[in-house]
Protein chains: 2
Amino acid sequence: MSGAVQQKQDIVALPVFAAVTLALITILSVWKLKQFKYKLVNEAGVAMFYGLLLGLTVRLIWTDKGEQCPGNTSEISMVNITPHGHVGNEKRQFSSHPEETFDLQVLFNLFLPPIIFHGAYTLNQKRFIANLGSVLTYAFVGTIISCMCIGACMYGFTKLMLLLSKPKEEFFVTHCLLFGAIMSATDPVSVLGLLSDLRVDLDLHMLLFGESVLNDAVAIVLTHAITTYTRMDAGLIFDPTAFLHAFVFFLGVLIGSFLLGLIFTVITALLTKFTRLHENPLLETSVFSLLSWSSYLSAEACGLSGIVAVMFCGLSQARYTVLNLSSEGRARIKQLFEVFNFLGEISIFGYMGYILLKFTCHKFEPLFISGALLSVFISRAFNIYPLSFLLNLGRTNKIPCKFQHFMMFAGLRGAVAFRLAVKNTAGEVNRTIFTTTLLMIVFTIWVLGTAADPMLRRLDIRMGVDPDENQEDRIFEIATERPDTTQGLWHSLDYKYLKPMLTHCGPPLTESLPQCCGVFARVFSSPHVQEDEEEELCEIEAGKNTLDLGETESQQGSSESDSASEHQEDLLDGDLGLGTAPAQPREASGSSTQL
Amino acid sequence: MSGAVQQKQDIVALPVFAAVTLALITILSVWKLKQFKYKLVNEAGVAMFYGLLLGLTVRLIWTDKGEQCPGNTSEISMVNITPHGHVGNEKRQFSSHPEETFDLQVLFNLFLPPIIFHGAYTLNQKRFIANLGSVLTYAFVGTIISCMCIGACMYGFTKLMLLLSKPKEEFFVTHCLLFGAIMSATDPVSVLGLLSDLRVDLDLHMLLFGESVLNDAVAIVLTHAITTYTRMDAGLIFDPTAFLHAFVFFLGVLIGSFLLGLIFTVITALLTKFTRLHENPLLETSVFSLLSWSSYLSAEACGLSGIVAVMFCGLSQARYTVLNLSSEGRARIKQLFEVFNFLGEISIFGYMGYILLKFTCHKFEPLFISGALLSVFISRAFNIYPLSFLLNLGRTNKIPCKFQHFMMFAGLRGAVAFRLAVKNTAGEVNRTIFTTTLLMIVFTIWVLGTAADPMLRRLDIRMGVDPDENQEDRIFEIATERPDTTQGLWHSLDYKYLKPMLTHCGPPLTESLPQCCGVFARVFSSPHVQEDEEEELCEIEAGKNTLDLGETESQQGSSESDSASEHQEDLLDGDLGLGTAPAQPREASGSSTQL
């Protein structure tokens, strides 16, 4: 029968089956290892290990002798960092099998958005806003410092390489800066995996995770800015015009992506506010997930940063749209993204391991690799210690030294670095960068990831913190009402305009907006408020109790999953943190409009 | 900025974004139309409509003049129905863009398994078993009758075509039979959509849905058998050897796929029975979903029928594994598959609409199309009425005439027919078959699907049935204890061996298995039973109440979603139906092994 059977073979089924089997083995072995108290293992590392094994197997079985490594003209390849234009015509830079580039894009488009969205969506918003200044400093200033540091370091090492051996292609300053930009971002996927495993102190969690989510955006934009700069110029002499152009590009991508993320939140929030979508949790979940995913896809499709867009979308959805959802819809959405986040992390790291051994055109430069290893630590030190010192001058609750040491240490690299490096593997220089990036990822995930647990014990940092520290958190909130420079403007925008426009909470828009915007205010006012404002006010009061009850019930239901209750806290805190009106829950009414 | 922006464009993001937007528009418009009581619309039809619009737009924008239609040698292409061998080397038969074939495969591998799995998993098992004989008759005998009927009809029409005009390529009997096999299967996706919208009588639901799920398998295997037969022979003269070979292939694929589905259920059941996976609902959900998906992927990867495998996997998972899951895991799994099922249906039908207008090599043969239209009705009549007459001779509760009329009418075609037809579009004959299949799908979905609601009213068939008819159902079960020929053997296998081996229910294996299998029985015995059998028996009794309570609680939690409670019934019924011991629920204990 084998001959007949062969005939129907599906070209997609086999690799997907291999990937699924890999994911299953990873899940089960991590789970078993953790049962035996091997706290050192993490999903990312194990997935990578199995990916390496699979890559090795595939390479040993299918060695395609005729496979050509991508072209060797670094200047041109630097320009054509990704193929231009139309779907059918693009050059396959990464590998001779078109499926491979395609696979990679499918993988990233499918799994990266839910991972980033989940991270942003489940962020403890109050703590995040409390630490926002510091997080932004680390993410923006820190990443630029990192990029410059690594770039400078690597430039030194490439000069040394030039002295010791004559490489075929020369490394320019822009190449070094490009490598700096790629390596400067810590990875939210692995950092989040590490943090949720170890359950460190909540402030440290916020600082590390907030930084890792936001610095991705910075690294992505920096990489593009450097590429744009290189395209303008040979990359040797400083050109103010090109620099300005790159800077404008940096700002444009950042602002554009931010706006796109916000637009999709506004659409979702208005849809859930003004329609009866909440009566059908399945529809609610589908529409919410598709719209959130759209923020990433649309940003990528028009050349902006999908990660930045989906991150802002996640943050704003958790702040506004969530208040319009039914309690079942809320639970479903969280569980859906949780599964995607979990499987996505395993898939992406497994794939990275697979590519490391499957890719046949690696270029190992020992000096470049050792330079990278050194510069990663140096740049992290130049990022964390001086910035923490400056930040501590302004902070009421200082960042302790032990936190700084751990932050210095926990600079795990991952999916974003891989994605930036894989964009261009044409030319020896780019392949050296790609190979070194992959090795750095393996190193940080395996060595730094595994050493995190002993490191935390050594530094005596609180671990096993229950993220559901509701009471303590609220007291902390009241006790430390410190002046936050962002709070004033933000509070007025958030509480007076965005909340009433997008949700049923906050003061009516007719009051907060000037007279001239009367029509606008009436259109976007909560339909309930318009119908009977006094009744609504009563409902809000009553709603407070219902919400609390609802949360308690669902917390009981999902008592096994800590993260579920963690978010319940966020929902409450997100609202209580800035002293807005309590959410008015919209439970499904009796009249069910079935789809 | 546009130049710089263009550079980063992702070749996957734009089409996926278009697809997501299409899905969103479909969801929202169907939902809005249903709110206005337009009961006639269904998701499949609307998704197809938007798909057609998108296809038209894409075709108008990107008209690739140089695109070549696939080769014209029908005999050869008939043999090479799908490309052989290695990933990199296959011929692209469907389109000149490799992404398109790939897209299609990704779409089917991603969405078809959850749709079929969800259908089988949420089937009311007791009703299904009660109607099993009839369902199997319709699915097996009926589909073969349909295939023969359509084949014969089409052969007549092709002869007529030959008389009226001389086509470039001649239709052989095997081509007509191939078209018969493709068109003989009613589609579970659209039938399920129709049935769950209209909520018809439960017996009619079982008959129609059971038939549509199982006849897919028959159609798939028939198509392959005919292809195998064609390969053996020129397809003109009857050859007993080739016929026998095709028959063996038919049996081999059916049994192989069935076994693969069962194997993955056994793995899942043993994993959930003997490990503490149920303490972590996220892991439980992931492992369960990945293993169920694996049944489809592995079957496709080794040339068997993925649909048959995943269907048996769904049926058996609902019977055994479900009893080992935690209540939260159960709810999560149902919700996850519900979302996938919902989005999958929209995606697949949207894609079919898209391809209908996007594909440039259609071959419209008016005579062939009108023949197909006629033969679809004739074959359905030859299938339903004679078989119903024969079945009614043996059934205690007869299939009423009005049910037969509706069944005759509700022969919607869909994803499976499309999938079978799209496998080969080389040659004029195959392209005629492909085009006609697509048109038949559009016709049945739009015309028959829309007319179902008025038809049901006209025939005075009970609608709006609450699937949660627990009490009535149980009374019905006790009242109609009719002799079922399958029940005796099945009961003993299910209750005495499979249940005790795979779950914590049923009599201990040490009793039911002969003495010689002592070791085997001890290994697979429930760990609790081994520890203390008497205590276990008490626990089972206590467990009965706990389970009932648990179900009630979760039913309260998800009171908005009817389908959720429908499945709760299945869980209980599946167990009570055949008089086995009640399930022993395994709630998560206090000691949490976190991953």
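Criteria and cut-off values
Residues numbered from 1 in each chain as written. Chains lettered and ligands numbered in written order. Predicted model: local features only at pLDDT ≥ 70, side-chain atom pairs only at ≥ 80, totals over all residues. Heavy atoms only, no water. Helix = DSSP H or I, 4+ residues; strand = E, 2+ residues; numbered from the N terminus. Buried < 20%, exposed > 50% of the residue type's maximum accessible area, 1.4 Å probe, protein only. Contact = heavy atoms within 4.5 Å. Areas by Shrake-Rupley, 256 points an atom, 1.4 Å probe, with all protein chains shown as cover. Expected span 1.5 Å × (residues − 1). Phe/Tyr/Trp six-rings, centres within 6.5 Å; stacked < 30°, edge-to-face > 60°. Lys NZ or Arg CZ within 6 Å of the ring centre and 35° of its normal. Salt bridge = Lys/Arg side-chain N within 4 Å of Asp/Glu carboxyl O. Axes fitted to C-alpha atoms, helices over the stretch in contact; angles between N-to-C directions. Parallel < 35°, antiparallel > 145°, perpendicular 65-115°, else oblique. Left-handed = near helix turned anticlockwise from the far one by under 90°. Nonpolar A, V, L, I, M, F, W, Y, C, P; charged D, E, K, R; others polar. Patch = residues over 30% accessible without salt bridge, like charges linked within 9 Å, V, L, I, M, F, W, Y side chains within 5 Å. Polar contact = N/O pair within 3.5 Å; in protein donor to acceptor, adjacent residues only side chain to side chain. pLDDT = per-residue confidence, 0-100. Disulfide = S-S within 2.5 Å.

## So, the overall build of chain A
So, point 1. The helix and strand tally for chain A stands at 25 helices and zero strands.
So, point 2. Within the span of chain A, comprising 595 residues, buried residues form 61% of the whole.
So, point 3. In chain A, the share of contacts with a sequence separation of at least 24, taken over all contacts with a separation of at least 6, comes to 83%.
So, point 4. By element, 67% of the accessible surface of chain A is carried by carbon and sulfur atoms, the whole surface being about 22400 Å².

## Comments concerning helix H8 (residues 173-184) of chain A
All names here are of chain A.
So, point 1. In a regular helix each residue adds 1.5 Å, so twelve residues correspond to 16 Å; H8 covers 16 Å between its end C-alpha atoms and thus fits that length.
So, point 2. Summarising burial for H8: ten of the twelve residues are buried, a large majority.
So, point 3. Looking at H8, one finds that the buried residues are Thr174, His175, Cys176, Leu178, Phe179, Gly180, Ala181, Ile182, Met183 and Ser184.

## Examining the packing of aromatic side chains
So, point 1. Within the structure shown, the criterion is met by 33 aromatic pairs over all chains.
So, point 2. Look at phenylalanine 258 of chain A and phenylalanine 312 of chain A: their rings are 4.5 Å apart centre to centre, the planes differ by 90 degrees, and that puts the pair in the edge-to-face class. Here phenylalanine 258 of chain A is found in helix H11 (residues 240-274), whereas its partner phenylalanine 312 of chain A is found in helix H13 (residues 306-319), with 54 residues between them in sequence.
So, point 3. A relative accessible area of 21% means that phenylalanine 312 of chain A is categorised as partly exposed.
So, point 4. Ring centres 6.2 Å apart and planes at 40 degrees place the aromatic pair phenylalanine 418 of chain A and phenylalanine 434 of chain A in the tilted group. Residue phenylalanine 418 of chain A is located in helix H17 (residues 415-422), and its partner phenylalanine 434 of chain A is located in helix H18 (residues 428-459); the two are separated by 16 residues in the primary sequence.
So, point 5. Residue phenylalanine 434 of chain A is classed as buried on the basis of its relative accessible area of 0%.
So, point 6. Taken together, the aromatic side chains of Phe108, Phe359, Phe418 and Phe434 of chain A make up a single cluster linked through ring pairs.
So, point 7. In this arrangement the basic side chain of arginine 419 of chain A is found over the ring face of phenylalanine 108 of chain A, its NZ or CZ atom lying 5.6 Å from the centre.
So, point 8. A cation sits over an aromatic face here: lysine 32 of chain B above tryptophan 31 of chain B, 5.1 Å from the ring centre.

## Quick notes on the pattern of salt bridges
So, point 1. Counted according to the given criterion, the structure contains 16 salt bridges over all chains.
So, point 2. Among the salt bridges present, the one from arginine 332 of chain B reaches glutamate 338 of chain A, with a minimum N-O distance of 3.1 Å. Here glutamate 338 of chain A lies in helix H14 (residues 327-358) and arginine 332 of chain B lies in helix H14 (residues 327-358), a pairing that spans two chains. By the burial criterion, arginine 332 of chain B is buried, and glutamate 338 of chain A matches it.
So, point 3. A salt bridge links lysine 363 of chain A to glutamate 365 of chain A; the nearest nitrogen and oxygen atoms lie 3.6 Å apart.
So, point 4. Accessibility expressed as a relative area gives 15% for glutamate 365 of chain A, which makes it buried.
So, point 5. Beyond isolated ion pairs, a larger network of salt bridges with shared partners links Glu328 and Arg332 of chain A together with Lys334 and Glu338 of chain B.

## Concerning the packing of H11 of chain A against helix H12 (residues 281-301) of chain A
Geometry of a packed helix pair, given as the angle between the helix axes and the separation of the axes.
Residue and element names in this part refer to chain A.
So, point 1. Two numbers describe how H11 lies on H12: the axes approach to 9 Å, and their chain directions differ by 160 degrees. Relative to H12, H11 is oriented roughly antiparallel. Between H11 and H12 lies a crossing of right-handed hand. On H12, the residues that touch Leu260, Gly261, Phe264, Ile267, Thr268 and Leu271 of H11 are Val287, Phe288, Leu291, Ser294, Ser295, Ser298 and Ala299.
So, point 2. For the contact of H11 with H12, the class distribution of residues is eight nonpolar, five polar and no charged.

## Overview of the environment of asparagine 280 of chain A
So, point 1. Relative to the helices and strands, asparagine 280 of chain A resides in the loop between H11 and H12.
So, point 2. Distance in space between the C-alpha atoms of asparagine 280 of chain A and tyrosine 385 of chain A is 51 Å, their sequence separation being 105 residues.

## A few points about the packing of helix H2 (residues 13-35) of chain A against helix H12 (residues 281-301) of chain B
So, point 1. Taken N-terminus to C-terminus, the directions of H2 of chain A and H12 of chain B make an angle of 150 degrees; their axes are 9 Å apart at the nearest point. Comparing their axes, H12 of chain B and H2 of chain A come out roughly antiparallel. Every pair of crossing elements has a handedness; the one defined by H2 of chain A and H12 of chain B is left-handed. For the pair H2 of chain A and H12 of chain B, contact is made by Ala13, Leu14, Val16, Phe17, Val20, Ala23, Leu24, Ile27, Leu28 and Trp31 of chain A and by Leu283, Ser286, Val287, Leu290, Leu291, Trp293, Ser294, Leu297, Ser298, Glu300 and Ala301 of chain B, respectively.
So, point 2. Considered class by class, the residues forming the contact of H2 of chain A with H12 of chain B number 17 nonpolar, three polar and one charged.

## Some points on a nonpolar patch on the surface
So, point 1. On the surface, a nonpolar cluster with roughly 590 Å² of combined accessible area is contributed by Phe247, Leu251, Ile255, Phe258, Leu259, Ile263 and Ile267 of chain A.
So, point 2. Along the chain, the position of phenylalanine 247 of chain A falls in helix H11.

## Thoughts on the environment of glycine 180 of chain B
Residues and elements named next belong to chain B.
So, point 1. Within the fold, glycine 180 resides in helix H8 (residues 173-184).
So, point 2. For glycine 180 and cysteine 505, which are 325 residues apart along the polypeptide, the C-alpha to C-alpha distance reads 45 Å.
So, point 3. Setting aside chain neighbours within four positions, we find glycine 180 in contact with Cys147, Ile150 and Gly151.

## A closer look at the side chain of aspartate 203 of chain A
Residues and elements named next belong to chain A.
So, point 1. Along the chain, the position of aspartate 203 falls in helix H10 (residues 202-232).
So, point 2. According to the relative accessible area criterion, aspartate 203 is buried, its value standing at 12%.
So, point 3. Within polar-contact distance, the side chain of aspartate 203 engages the side chain of arginine 127 at 3.3 Å.
So, point 4. With sequence-adjacent residues up to four places away left out, aspartate 203 is seen in contact with Arg127, Asn131, Asn397 and Phe403.

## Observations concerning the confidence of the model for chain A
Residues and elements named next belong to chain A.
So, point 1. In the predicted model, chain A carries a mean pLDDT of 73, and 73% of its residues have values of at least 70.
So, point 2. Across chain A, the element-wise mean pLDDT spans from 30 in helix H4 (residues 74-79) up to 92 in H12.
So, point 3. Confidence drops under pLDDT 50 across residues 468-485; counting only partners more than four residues distant or on other chains, this segment forms 27 contacts.
So, point 4. Contacts from residues 529-595, a stretch scored under 50 in pLDDT, to residues over four places away or in other chains number 131 contacts.

## Quick word on the state of the cysteines
So, point 1. This model, assessed by the stated rule, comprises zero disulfides over all chains.
So, point 2. In this structure cysteine 149 of chain B is not part of a disulfide, and its nearest cysteine sulfur, from cysteine 153 of chain B, lies 6.7 Å away.

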